[in-house]
Number of protein chains: 2
Amino acid sequence: MCSTKREGMRGIPCPKGKIERFIEPCLLLLLAEKPAHGYELMDNLEQFDFDTRCQDPGQIYRYLRRMESEGLVISAWDPGGTGPARRSYSITEDGLSLLTAWMETLEKRIIIINKLISRYQETTKKGDA
Amino acid sequence: MCSTKREGMRGIPCPKGKIERFIEPCLLLLLAEKPAHGYELMDNLEQFDFDTRCQDPGQIYRYLRRMESEGLVISAWDPGGTGPARRSYSITEDGLSLLTAWMETLEKRIIIINKLISRYQETTKKGDA
DNA sequence: ACAACTATATGTATATATCACATAGATGAG
DNA sequence: CTCATCTATGTGATATATACATATAGTTGT
């Protein structure tokens, strides 16, 4: 349930192609949809290929605290609910602005990746012909 | 000519959203198209948003040597041509296999990024309505 | 001889991600 | 009632990746 390892040729690992800090726009989006606490966010991050629940749960708390120190989110202890105390996070105006900036960045990224893919397809087409 | 800095709100830098080791599939593709030496590859990398010529030219040589040690490319000193001696790189069968693996990885990445973008658009639609 | 361009390379610092571990309240089984 | 398990939040150390700075050297034109 908690493995995503992949290998290329000769034991050389094929990088997962992760995007730098990609967890940040994901967290900002989820918090733009509705306020939430860390443990809850972990489940929702699976939709974006993160397995934070199994692999390094601490990462998410570090990110949330860092983002709070940058003014992108704000938190408060949530008195409601059962179980251990939980810290509820909400997005700020600055957080929303950064999310928008992220979207532009990611749209450009897609264009570049698509350029690479289509050039690869052309090359293999010629090579096989 | 050599600046790409961008900022979000409040001086918080908006990450460029770079993909981990993305230079690797780019180099593999360029070498799949035709053998080349490092300095030449720098120019062609601009097409994939790298500014290796201006920013850290050393990076490319480190990558090429590492990839050679992994058997993804092979090199030889190129006697032809003017100017300083240059090392010509060619892709290997293992390199082509890894390039294919990279393509699958990147195609999955695109799907995830698109998921994020469309969810963002839905959220802002609702928020503005 | 000196500046500019081609060409390759290394040393170090910073940023980011991963691995490992620590703490603690709540809940249900035996 | 105590022990395992789940929820919930966090820190320390390490590994990896990228960025910044610098070194070397042949070649060409003035």
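Structure report, in brief. (Residues numbered from 1 in each chain as written. Chains lettered and ligands numbered in written order. Predicted model: local features only at pLDDT ≥ 70, side-chain atom pairs only at ≥ 80, totals over all residues. Heavy atoms only, no water.)

Bringing the relation of the copies chain A and chain B into the picture now. Overlaying chain A with chain B gives an RMSD of 0.0 Å, the required rotation being 180 degrees about an axis along which the chain moves by 0.0 Å. The transformation relating the two chain copies, once decomposed into turn and shift, fits a two-fold axis. Within chain A, the C-alpha atom positioned nearest to the axis of rotation is that of A:Ile19, 2.1 Å from it. When the interface residues of chain A are mapped onto chain B, 100% of them again fall at the interface, so both copies present the same face. (Least-squares fit on C-alpha atoms with pLDDT ≥ 70 in both. Contact = heavy atoms within 4.5 Å.)

Taken together, 24 residues lie around DNA strand C, and A:Tyr63, A:Thr82, B:Arg62, B:Arg86 and B:Arg87 are the ones closest in. Sugar and phosphate atoms constitute 57% of the interface atoms of DNA strand C, taking the interface as everything within 4 Å of the protein. A distance of 2.9 Å separates a phosphate oxygen of DNA strand C from a polar atom in the backbone of A:Arg21. Contact between DNA strand C and A:Asp56: a base nitrogen at 3.3 Å from a side-chain N or O atom of the residue. Of all elements in the fold, only helix H3 (58–69) of chain A together with helix H2 (38–45), helix H3 (58–69) and strand E3 (86–91) of chain B reach the threshold of two or more residues within the surface near DNA strand C. Ranked by the residues each element gives to the surface near DNA strand C, the list is headed by H3(B), at four residues. Split into classes, the residues belonging to the surface near DNA strand C amount to eight nonpolar, six polar and 10 charged. (Near = heavy atom within 4 Å. Polar contact = N/O pair within 3.5 Å; in protein donor to acceptor, adjacent residues only side chain to side chain. Helix = DSSP H or I, 4+ residues; strand = E, 2+ residues; numbered from the N terminus. Nonpolar A, V, L, I, M, F, W, Y, C, P; charged D, E, K, R; others polar.)

Okay, the interface of chain A and chain B next. On the chain B side, the residues contacting the 51 residues of chain A number 51 residues. Surface buried jointly by chain A and chain B totals about 5,100 Å² across both partners, of which 66% is contributed by carbon and sulfur atoms. Taken together, the links from chain A to chain B amount to four salt bridges. Residues A:Asp49 and B:Arg109 are paired through a salt bridge, measuring 3.7 Å at the closest nitrogen-oxygen approach. Between the two partners, chain A and chain B, sit 10 residue pairs in polar contact (both at pLDDT 80 or more). Counting only elements with at least two residues in the side of chain A that touches chain B, the list comes to helix H1 (23–33) and helix H4 (93–128) of chain A. In the side of chain A that touches chain B, the residues fall into 25 nonpolar, 10 polar and 16 charged. (Buried area = accessible area lost by both parts, 1.4 Å probe. Salt bridge = Lys/Arg side-chain N within 4 Å of Asp/Glu carboxyl O.)

Quick look at the side chain of A:Glu24 now. Of note, A:Glu24 is situated in helix H1. The contacts of A:Glu24, once residues within four sequence positions are left out, are A:Tyr63, A:Met67, A:Leu98, A:Trp102 and B:Pro15.

Residue and element names in this part refer to chain A. Taking strand neighbours across the sheet as the criterion, the three strands line up as E1-E3-E2 in an open arrangement whose pairing is antiparallel. Looking at which strands have only one partner, the edges of the open sheet turn out to be strand E1 (36–37) and strand E2 (73–78). Strand direction decides the pairing type here: E2 and strand E3 (residues 86–91), joined by six bridges, are antiparallel. Bridging from a neighbouring strand, Trp 77 pairs with Arg 87 of E3. Strands E2 and E3 of the sheet are contacted by H3, whose axis makes an angle of about 120 degrees with E2. (Pairing = 2+ DSSP bridges. Axes fitted to C-alpha atoms, helices over the stretch in contact; angles between N-to-C directions.)

Around DNA strand D there are 25 residues in total, and A:Arg62, A:Arg86, A:Arg87, B:Tyr63 and B:Thr82 lie nearest to it. By atom count, sugar and phosphate contribute 63% of the portion of DNA strand D lying within 4 Å of the protein. In this structure, a phosphate oxygen belonging to DNA strand D sits 2.9 Å away from a side-chain N or O atom of A:Tyr61. Residue A:Arg86 places a side-chain N or O atom 2.5 Å away from a phosphate oxygen belonging to DNA strand D. Element by element, the count of residues in the surface near DNA strand D is highest for H3(A), at four residues.

The next point concerns the packing of helix H1 (residues 23–33) of chain B against H3(B). All names here are of chain B. Where H1 meets H3, the closest approach of the two axes is 11 Å, and the angle between their N-to-C directions is 75 degrees. Relative to H3, the element H1 is oriented roughly perpendicular. In this structure, H1 uses Ile 23, Glu 24, Leu 27, Leu 28 and Leu 31 to contact H3, whose residues at the interface are Gln 59, Ile 60, Tyr 63, Leu 64 and Met 67. Here the contact of H1 with H3 is built from residues that sort into eight nonpolar, one polar and one charged. (Parallel < 35°, antiparallel > 145°, perpendicular 65-115°, else oblique.)

Of note in the backbone geometry, A:Asp49 takes a positive phi value of approximately 75 degrees without being a glycine. For A:Asp49, the position within the fold is in the loop between helix H2 (38–45) and H3.

Spatial relationships are all this shows, so hold off on functional conclusions.
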